[in-house]
Amino acid sequence: MAEAAQGKTLRDVAIGETATVRRLTGEGAVKRHIMDMGITKGTDVYVRKVAPLGDPIEVTVRGYELSLRKDEAELVLVG
């Protein structure tokens, strides 16, 4: 899997944990959309909850709550 070679993604972060964004792997409009939501390199993201089927993921970023689809969360590499 490509994501395993790249490292841990936001989708891999457990509920109740905080992770720091290392890099965004998306391209074009998708990457811009994620950045517009405040998810940028060096930002701390707290995973609040995950829907029963795993989509969406609810996170807290820069003091506000945000819902991300699984495919969006996979584009955010964390450390």
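Above: the structure in question.
Just so we're clear, the structure is a prediction, and the values are computed from it rather than from any experiment.

Some thoughts on the sheet that holds strand β2 (residues 44–50)
Then, number 1: Strand order in the open sheet formed by five strands is β4-β3-β2-β1-β5, with antiparallel pairing between adjacent strands. With one partner strand each, in any of the chains shown, β4 (64–68) and β5 (76–78) form the two edges of the open sheet. Neighbour-to-neighbour, the strand axes of the sheet open up by a mean angle of 45°, direction not taken into account.
Then, number 2: Where β2 lies against strand β3 (residues 57–61), five bridges are found, and the strand directions are antiparallel. In the strand pairing of β3, Val-47 is matched with Val-59.

Some remarks on the side chain of Glu-72
Then, number 1: Of note, Glu-72 is situated in helix α3 (residues 70–73).
Then, number 2: There is a polar contact of 3.0 Å between the side chain of Glu-72 and the backbone nitrogen of Arg-69.
Then, number 3: Glu-72 has contacts with His-33 and Ile-34, leaving out every residue within four places of it along the chain.

Definitions and cut-offs
Residues numbered from 1 in each chain as written. Predicted model: local features only at pLDDT ≥ 70, side-chain atom pairs only at ≥ 80, totals over all residues. Heavy atoms only, no water. Pairing = 2+ DSSP bridges. Helix = DSSP H or I, 4+ residues; strand = E, 2+ residues; numbered from the N terminus. Axes fitted to C-alpha atoms, helices over the stretch in contact; angles between N-to-C directions. Polar contact = N/O pair within 3.5 Å; in protein donor to acceptor, adjacent residues only side chain to side chain. Contact = heavy atoms within 4.5 Å.

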